[in-house]
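What follows is each chain in one-letter form.
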2 protein chains.
Amino acid sequence: MSVRYGLLALLRDHGPQSRAQLAGRLQVPRPRVLAELDRLTAAGTIVEAGPTASRGGRRSTLVKLDPGLRFAAIDLDARAVGVEVTDGCLRTVASHSEHCDIRTGPETVLGRVTQILDKIRAEGRFTRLDAIGIGLPGPVSFRDGIPVSPPLMPGWDRHPVRDVLSGEHGCPVAVDNDVNVMTLGERHSGVARTVDNLIFVKIGSGIGCGVQIDGRVYRGATGCAGDIGHIQVDGDGPVCLCGNAGCLEAHFSREALTRHAESAADGDRSPVLAERLAAKGSLTARDVADGAAAGDAVCIGIVRAGGRRVGQVLAGLVSFMNPSMIVIGGDLADLGHILLAELRSVVYQRSLPLATGDLPIVLSELGARAGVVGAAVLASELAYGGPAG
Amino acid sequence: MSVRYGLLALLRDHGPQSRAQLAGRLQVPRPRVLAELDRLTAAGTIVEAGPTASRGGRRSTLVKLDPGLRFAAIDLDARAVGVEVTDGCLRTVASHSEHCDIRTGPETVLGRVTQILDKIRAEGRFTRLDAIGIGLPGPVSFRDGIPVSPPLMPGWDRHPVRDVLSGEHGCPVAVDNDVNVMTLGERHSGVARTVDNLIFVKIGSGIGCGVQIDGRVYRGATGCAGDIGHIQVDGDGPVCLCGNAGCLEAHFSREALTRHAESAADGDRSPVLAERLAAKGSLTARDVADGAAAGDAVCIGIVRAGGRRVGQVLAGLVSFMNPSMIVIGGDLADLGHILLAELRSVVYQRSLPLATGDLPIVLSELGARAGVVGAAVLASELAYGGPAG
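Residues numbered from 1 in each chain as written. Chains lettered and ligands numbered in written order. Predicted model: local features only at pLDDT ≥ 70, side-chain atom pairs only at ≥ 80, totals over all residues. Heavy atoms only, no water.

As for the overall build of chain A
So, point 1. A count of helices and strands for chain A gives 14 helices and 15 strands.
So, point 2. In summary, chain A has a C-alpha radius of gyration of 23 Å against a globular reference of 21 Å for 389 residues, a match within 12%.
So, point 3. Its C-alpha atoms give chain A principal-axis dimensions of about 75 × 50 × 40 Å.
So, point 4. Counting all 389 residues of chain A, 56% fall into the buried class.
So, point 5. Long-range pairs, those at least 24 residues apart, make up 58% of the contacts in chain A between residues at least 6 apart in sequence.
So, point 6. When the accessible surface of chain A is summed, it comes to about 16,100 Å², and 50% of that surface belongs to carbon and sulfur atoms.
So, point 7. The distance from the centre of the 40 positive side-chain charges to the centre of the 42 negative ones in chain A is 8 Å. (Helix = DSSP H or I, 4+ residues; strand = E, 2+ residues; numbered from the N terminus. Rg over C-alpha atoms; globule rule 2.2 N^0.38 Å. Buried < 20%, exposed > 50% of the residue type's maximum accessible area, 1.4 Å probe, protein only. Contact = heavy atoms within 4.5 Å. Areas by Shrake-Rupley, 256 points an atom, 1.4 Å probe, with all protein chains shown as cover. Lys, Arg positive; Asp, Glu negative; His and termini not counted. Charge placed at Lys NZ, Arg CZ, Asp CG, Glu CD.)

Now the structure itself:
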């Protein structure tokens, strides 16, 4: 990690500090720290922030990030867009979210993102952006800043998302897969702070995971690491959209859950679900979660079966990767503790004791905000010269 | 990576070079390289090696590693010990291997290792060792240099292997798990040279894998990454020694293979195996390999079934890790191309095309030498201040 990034990340995450504090925390020779601080001051990236609190001795001066720094964080999913503008410390200065169908294509969706940002600018929340971070719900070539054959995003394949946004807003842009971005968010300011070897599992319309190793996003040889939704959990299982049988996603995802729930309602096995289906005409994961919370045996059974399948895959990954923590996020994390209990029981039973002894398996702390928080972290790493790459 | 290690690794892997060549290859400012070379020369670690070949201009001087540098590489497995002494470039100057039952305990086995090294010393092959690298067939705490609850090594739990050998031979010692060591060997001078994200699978008395990420051994949160032998491949499968059902190892390992082969011989399903069993009283993996090579359908079937199970696990790991290469090693790699073909077909069918598009799945090039070659690399990384840690 560069001295520059080390300093800026400390100021981002811990606020104003003295030069001596920064040098001490970075464990870099003081002259190098002071030289870098001088460069950052000359460039206007950091400014003086008044004297330290007196402790009797000579008082020194605090430095802080330029209060005018602005990042835009964009979280696109299949059906919504979330936009936040933050300052250099990633504090929200403006936010907006709305329904947005990603299938309307990149011109429409990115055009709308630009309108939202222009409106925030017109409200006086920023004059210029220092960087943009954006997460997309599909495979992304991080190096090229483009989506690559994203199954849920017709019309987006190889669309130059980075270059379009960069041209539009005159700042550098980092584009990443939504799960990697959520993982970044959860590690920066969620439940996984200071966790080095992390698996973040997103359960939503599909199942994917973000992997961090030594505190950095691990992308794999061709950028598709973490694509666990098509791991086979049952050779005789249902046929998946990918053409193979028994994929994890075919057993458990927003769609699979809805299917199981509607079939239970139709078969009159669950009065709770049957009543809701009659009232609304369709069911969602939320209905199953509510039914399970209310003690409906069928709903609990559906959630447990899903948790077992996810646990089965995670048990293998735990043996292989020996992570320090697993975080469960995405819409279906709403299924909460019944899901978590089942998943934990499979992992703890099936993986090596040495690998599970100290292994927390927990729900995301940031929930629906993980994506936008992570996108802001991504933007800051780009602007500060940090480790996302 | 430090400049010191960078220089020593270049001299280890590419032989004598001029200072200018070293500076060019390292991409470090020339004054830093020259200063480090001066320090290494003063310490006697490198020496001058005569002038470069003339290319018309001014001739410069080559430097090389001190020809007196010596590393000991020790490869312990359940039934044998291999010892090599190498020079600083990892060229073998002496080697010895013999039968050795690891269950006789650490005093006996390490005592024998020391006798072998003393004998090599007495033959004049070295006067002192600069470092020792040793691989053990079980879980190892790399930091502490001790085996931790190794199932195949009664009496070895927490035995201070590093400190014992270090005290005995007066040099630093690095202790690692045998699969990690083989992975290191295969990446340094086998089929996986220059491969950054690597899975090396050892199939022998059990199944384990070594993982390298960005060219470094990945150990995981508690040092047990790669322990894939107990990943479940069949919920209704045979009960494993670990107590769970359907573990990969319970389906395919030296023991499982022998069991399948003897049962096929007893049931008279395979004339080849029945004949060998009658002649020898027992069967080994070699008999199955020979039978398969000779076209015996039962032997081919046994190998294919094993390949399918290993492939099933690897398919999941490929989706998760998106490696750049998979290498198959260990005794059972002798089963060769029938095993490989089956395993490949499962992985290529089950994993994401983006992850398998450029993914070579190949047999180990170093074969039985992977362990001792890797142990020498481990020793050199320790002595040169390199990345193994």
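Some remarks on unusual backbone geometry
So, point 1. The backbone of A:Q27 shows a phi angle near 55 degrees, a positive value even though the residue is not glycine.
So, point 2. By secondary structure assignment, the location of A:Q27 is in the loop between α2 (19–26) and α3 (30–42).

Some points on the nonpolar core
So, point 1. Formed by 101 residues in total, the largest nonpolar core has its most connected members in A:V201, A:F320, A:I328, B:V201, B:F320 and B:I328.
So, point 2. Element by element, the count of residues in this core is highest for helix α11 (residues 297–321) of chain A, at 12 residues.
So, point 3. When near neighbours in sequence (up to four residues on either side) are disregarded, A:I328 contacts A:V201, A:I203, A:L314, A:A333, A:L339, A:L340, A:L343, A:I361, A:V362, A:L363 and A:S364. (Core = buried A, V, L, I, M, F, W, Y, C linked by side-chain atoms within 4.5 Å.)

So, the interface of chain A and chain B
So, point 1. Contacts between the two partners involve 35 residues from chain A, matched on the other side by 35 residues from chain B.
So, point 2. Overall, the association of chain A and chain B removes approximately 3,000 Å² of surface from exposure, summing both partners, and the carbon and sulfur fraction of that is 57%.
So, point 3. Together, A:Y218, A:F320 and A:R350 form the three largest contributors to the area buried by chain A at its contact with chain B, with a combined 26%.
So, point 4. Counting every contact that joins chain A to chain B gives 0 salt bridges.
So, point 5. At the boundary of chain A and chain B, one finds 22 residue pairs in polar contact (both at pLDDT 80 or more).
So, point 6. Going through the elements one at a time, β12 (207–213), α11, α12 (336–350) and α13 (353–356) of chain A are the ones with two or more residues in the side of chain A that touches chain B.
So, point 7. When residues of the side of chain A that touches chain B are assigned to their parent elements, the largest contribution, 5 residues, is made by α11(A).
So, point 8. Looking at the side of chain A that touches chain B, its residues break down into 19 nonpolar, 13 polar and 3 charged. (Buried area = accessible area lost by both parts, 1.4 Å probe. Salt bridge = Lys/Arg side-chain N within 4 Å of Asp/Glu carboxyl O. Polar contact = N/O pair within 3.5 Å; in protein donor to acceptor, adjacent residues only side chain to side chain. Nonpolar A, V, L, I, M, F, W, Y, C, P; charged D, E, K, R; others polar.)

What to know about the pattern of salt bridges
Between side chains of opposite charge, pairing is possible as soon as their charged atoms come close.
Residues and elements named next belong to chain B.
So, point 1. According to the stated counting rule, one finds 48 salt bridges over all chains in the structure shown.
So, point 2. The salt bridge involving D13 is made with R12; its shortest N-O contact spans 2.8 Å.
So, point 3. Among the residues examined, D13 registers a relative accessible area of 35% and is labelled partly exposed.
So, point 4. The partner of R143 in a salt bridge is D144, with the nearest N and O atoms 3.5 Å apart.
So, point 5. Since its relative accessible area comes to 68%, R143 is described here as exposed.
So, point 6. Judged by relative accessible area, D144 falls into the partly exposed class, the value being 30%.

Observations concerning the domain arrangement of chain A
Residue and element names in this part refer to chain A.
So, point 1. In terms of domains, chain A is made up of domain 1 (3–65), domain 2 (71–185 + 369–384) and domain 3 (193–364).
So, point 2. Relative to domain 2, the C-alpha centre of domain 1 lies at a distance of 30 Å.
So, point 3. Taken together, the contact between domain 1 and domain 2 spans 6 residues of the former and 8 residues of the latter.
So, point 4. In this structure, the connection of domain 1 to domain 2 is made through 0 salt bridges.
So, point 5. Taken together, the connections running from domain 1 to domain 2 amount to 2 residue pairs in polar contact (both at pLDDT 80 or more). (Domains from an automatic or database assignment.)

A short note on the pairing of strand β11 (residues 198–203) of chain B
Residue and element names in this part refer to chain B.
So, point 1. Burial analysis of β11 places 6 of its 6 residues in the buried class, which makes it a mostly covered element.
So, point 2. The side-chain alternation of β11 yields two buried faces, one formed by L198, F200 and K202 and the other by I199, V201 and I203.
So, point 3. Sheet topology note: the β11/strand β12 (residues 207–213) ladder contains 6 bridges and is antiparallel. By the bridge assignment, V201 is partnered in β12 with C209.
So, point 4. Between β11 and β12, which pair antiparallel and follow one another directly, the connecting turn spans 3 residues.
So, point 5. Pairing between β11 and strand β14 (residues 325–329): 5 bridges, direction parallel. The residue of β14 that forms the bridge with L198 is M325. (Pairing = 2+ DSSP bridges.)

What about the sheet that holds strand β10 (residues 173–177) of chain A?
All names here are of chain A.
So, point 1. In space, the 5 strands of this open sheet follow the order β6-β5-β4-β7-β10, with mixed pairing throughout. With partners counted over all chains shown, the strands left at the sheet margins are β6 (92–99) and β10, one partner each. Across the sheet, the axes of successive neighbouring strands diverge by a mean angle of 10 degrees, strand direction being ignored.
So, point 2. Two strands pair when backbone bridges link them, and strand β5 (residues 80–86) and β6 are joined in this way by 7 bridges, in the antiparallel orientation. Note that in β6 the partner of E84 across the bridge is S95. (Axes fitted to C-alpha atoms, helices over the stretch in contact; angles between N-to-C directions.)

Focus: the relation of the copies chain A and chain B
So, point 1. Least-squares fitting of chain A to chain B yields an RMSD of 0.0 Å, with the transformation described by 0.0 Å of translation along the axis and a rotation of 180 degrees. Put plainly, the chains are arranged around a two-fold axis. Relative to the rotation axis, the C-alpha of A:L317 is the closest in chain A, positioned 3.7 Å from it.
So, point 2. Interface overlap between copies is the fraction of interface residues in one copy that are interface residues in the other; for chain A against chain B it reaches 100%, indicating a shared surface. (Least-squares fit on C-alpha atoms with pLDDT ≥ 70 in both.)

Topic: the environment of A:R39
All names here are of chain A.
So, point 1. Examined against the element boundaries, R39 turns out to sit in helix α3.
So, point 2. For R39 and R4, which are 35 residues apart along the polypeptide, the C-alpha to C-alpha distance reads 9.3 Å.
So, point 3. Polar side-chain contacts of R39 include one of 2.8 Å to the side chain of E36.

Structural notes on the sheet that holds strand β3 (residues 61–65) of chain A
Residue and element names in this part refer to chain A.
So, point 1. Strand order in the open sheet formed by 3 strands is β1-β3-β2, with antiparallel pairing between adjacent strands. Strands with a single pairing partner mark the edges of an open sheet, and in this sheet they are β1 (17–18) and β2 (46–51).
So, point 2. Relative to β3, β1 is paired through 2 bridges, and the arrangement is antiparallel. Within the sheet, the bridge partner assigned to S18 lies in β3 and is L62.
So, point 3. Each of β1, β2 and β3 touches helix α1 (residues 3–14); the most contacted strand, β3, lies at about 90 degrees to it.

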